[in-house]
Amino acid sequence: MSGCTQSTVEEGTRLIGSYPGDDATSPERYRPFEKWLETRFGVLTLYVNADDDERVRQNFLSGLTDVWQTGHVPMVTWLSYVDSESETPSTITRQIRDGEYDAVLEWWVDELSAWLAADDPVIDGPRRLYFRPFPEMNGDWLPWSVLEDDDVEPFVDAWRYVHERLMDAVDADDPRERVQWIWNPNATEHTDVPTEASYPGEEYVDWIGIDGYNFGDSSMGDGWQSPESVFEPMRTRLADLSDRPVSIPEFGSTSVRDGEHDVSAKDEWIDDVFEYIEANDIRMVCWFNIDKETDWAVFGGARGTDTFEDERRDERYRVYDSFRERVQRGDYVGGSTQTPGVLSSNHFQGRF
């Protein structure tokens, strides 16, 4: 990967992470999950509305510090809304490219570069983050979706524009040691424009991300899907597009199969998806641990194959045993408060 300064490759398999649910930056949200897992996540997937109220944005930055100081690298999913998702026009990438979003963008450039540059009293070494703007652009449900050929150029231009503004502001000899950029389509293409057309280029991308879910027979599903059927068509295409390391920033499975909740089927799917991950050199995976469209959670959700009792909090959580077993068995890399930069430089940049 260009920009890497270390030539050695360290031991390890891949990074383990999660979106732990609402209030994702709060340790109260992810600490019980990690206690059950007996592993600290290396990465926490976070979401922020870029144009939210400034108080909300400041709270998010404070949350980044909590995530970092508890030994995790934050993955900032930067959603370029105007006020709210519903109020954001489908021309948003054109507006960003043309400088009409600069007031919002400059706030984030200033604040994130300052956050990265701060001397941390808890964690030794440089602060770091993953940056994931404009995710799932090959879907048809987001303002920045690339729905027509005419949307391709504005999308690519907007990506490069945001990249250049932020990376120019990062005070480091090698900004890629501090910020890694994840270009992140959905596993299933929902437009007639090939996903590959929206690739900004190797100079602007550090990781390939693929979001994918087994919706099964839930209200949004079209039938039970194996991990291979979810991920493999897109993974193969993107492997031909780029040699950047591959990640799965969001993944999950419902338990709804054949008209009922089948927790054993979901447990088996979890086992199968880790088989798929390990067989295909996926170097970062983050489970989407919240019951949103359906019952995605593997910890603390509506269902599970077992329960976990956190005596300190006097709480009992439903869990899926196979998730814990596969993480413990698979030599997954978590974060550490004792490691400068939380992760080694190699692990942060996907060099295993």
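From a predicted model like this one, the values you see are computed outputs, not experimental measurements.

A few words on the pairing of strand β11 (residues 282-288). Within β11, 6 of the 7 residues are buried, leaving the element largely enclosed by the surrounding structure. In the sheet, strand β1 (residues 14-19) pairs with β11 via 5 bridges, with the strands oriented parallel. From the neighbouring strand, I16 faces β11, where its bridge partner is V285. The sheet contact formed by strand β8 (residues 246-253) and β11 spans 4 bridges and is parallel. In the strand pairing of β11, I248 is matched with V285.

For β1, the buried fraction is high: 6 of the 6 residues fall into the buried class. Two elements, β1 and strand β14 (residues 332-333), share 2 bridges in a ladder whose sense is parallel. Pairing of L15 across the sheet is with V333, part of β14.

Quick look at helix α1 (residues 27-37) now. Listed in full, the buried residues belonging to α1 are Y30, P32, F33, E34, W36 and L37. In this structure, the buried side of α1 is in contact with β1, β2 (43-49), α2 (54-69), β12 (306-310), β13 (315-319) and α8 (321-329). One or two steps after α1, the chain reaches E38, where phi turns positive at roughly 60°.

Its place among the elements puts N138 in the loop between β4 (129-133) and α5 (152-169). Reaching out from N138, the side chain makes a polar contact with the backbone nitrogen of N186 at a distance of 2.7 Å. Within the structure, N138 has its side chain in polar contact with the side chain of T195 (distance 2.9 Å). Setting aside chain neighbours within four positions, we find N138 in contact with P185, N186, T188, E189, H190, T191, T195 and M234.

Moving on, we get to unusual backbone geometry. Despite not being glycine, E136 shows a phi value in the positive range, around 55°. Looking at the element boundaries, E136 is found in the loop between β4 and α5. The phi dihedral of D314 is positive, around 55°, even though this residue is not glycine. By the secondary structure assignment, D314 is in the loop between β12 and β13. Judged by relative accessible area, which is 63%, D314 ranks as exposed.

A word on a negative patch on the surface. Together, E148, D149, D150 and D192 make up a negatively charged patch on the protein surface. A relative accessible area of 57% places D150 in the exposed class.

A few words now on the packing of helix α7 (residues 263-279) against α8. Between α7 and α8, the shortest axis-to-axis distance is 8 Å and the interhelical angle comes to 25°. Taken together, the axis directions place α7 and α8 in an arrangement best described as roughly parallel. The handedness of the crossing between α7 and α8 comes out as right-handed. Across from D267, I270, D271, F274, E275 and E278 in α7, the residues of α8 making contact are D321, S322, F323, R326, V327 and R329. Residues belonging to the contact of α7 with α8 are distributed by class as follows: 4 nonpolar, 1 polar and 7 charged.

You can see S344 is positioned in the loop between β14 and α9 (345-348). Each C-alpha atom, one on S344 and one on A117, is 18 Å from the other, the two residues being 227 residues apart in sequence. Side-chain polar atoms of S344 contact the backbone nitrogen of H347, separated by 3.1 Å.

When pLDDT is averaged along the protein chain, the result is 95; 97% of the residues meet or exceed 70. For residues 1-9, every residue scores under 50 in pLDDT, and the model assigns this stretch 25 contacts once sequence neighbours within four places are set aside.

What follows concerns the packing of α1 against α8. Closest axis-to-axis distance for the α1/α8 pair is 10 Å, and the angle between their directions is 70°. Looking at the two axes, α1 sits roughly perpendicular to α8. Contacts between α1 and α8 involve F33, W36 and L37 from the former and D321, F323, R324, V327 and Q328 from the latter. Partitioned by chemical class, the residues of the contact of α1 with α8 number 5 nonpolar, 1 polar and 2 charged.

Our focus in this paragraph is the layout of surface pockets. By volume, the largest pocket is sized at about 1,100 Å³. Of all the secondary structure elements, the ones that give two or more residues to the lining of the largest pocket are β2 and β7 (212-214). With 4 residues, β2 is the single largest residue contributor to the lining of the largest pocket. Here the lining of the largest pocket is built from residues that sort into 19 nonpolar, 11 polar and 9 charged. What lines the second largest pocket is a set of 14 residues, among which P20, R29, N289, F299 and G300 lie closest to the centre. With 4 residues, the single largest contributor to the lining of the second largest pocket is α1.

Looking now at the nonpolar core. One finds W78, W108, Y130, F131 and F323 to be the most contacted residues of the largest nonpolar core, which totals 102 residues. With 9 residues, α5 is the largest single contributor of residues to this core. Apart from the residues lying within four places of it in its own chain, the contact partners of W108 are V48, N49, A50, R57, F60, L61, W78 and S113.

Here is what the cut-offs are and how they apply
- Residues numbered from 1 in each chain as written.
- Predicted model: local features only at pLDDT ≥ 70, side-chain atom pairs only at ≥ 80, totals over all residues.
- Heavy atoms only, no water.
- Buried < 20%, exposed > 50% of the residue type's maximum accessible area, 1.4 Å probe, protein only.
- Helix = DSSP H or I, 4+ residues; strand = E, 2+ residues; numbered from the N terminus.
- Pairing = 2+ DSSP bridges.
- Contact = heavy atoms within 4.5 Å.
- Polar contact = N/O pair within 3.5 Å; in protein donor to acceptor, adjacent residues only side chain to side chain.
- Patch = residues over 30% accessible without salt bridge, like charges linked within 9 Å, V, L, I, M, F, W, Y side chains within 5 Å.
- Areas by Shrake-Rupley, 256 points an atom, 1.4 Å probe, with all protein chains shown as cover.
- Salt bridge = Lys/Arg side-chain N within 4 Å of Asp/Glu carboxyl O.
- Lys, Arg positive; Asp, Glu negative; His and termini not counted.
- Charge placed at Lys NZ, Arg CZ, Asp CG, Glu CD.
- Axes fitted to C-alpha atoms, helices over the stretch in contact; angles between N-to-C directions.
- Parallel < 35°, antiparallel > 145°, perpendicular 65-115°, else oblique.
- Left-handed = near helix turned anticlockwise from the far one by under 90°.
- Nonpolar A, V, L, I, M, F, W, Y, C, P; charged D, E, K, R; others polar.
- pLDDT = per-residue confidence, 0-100.
- 1 Å grid on protein atoms, 1.4 Å probe; cavity = no way out; pocket = protein on both sides within 12 Å on 5 of 7 lines; lining within 4 Å.
- Points joined across faces, edges and corners; volume = space filled by probe spheres on them.
- Core = buried A, V, L, I, M, F, W, Y, C linked by side-chain atoms within 4.5 Å.

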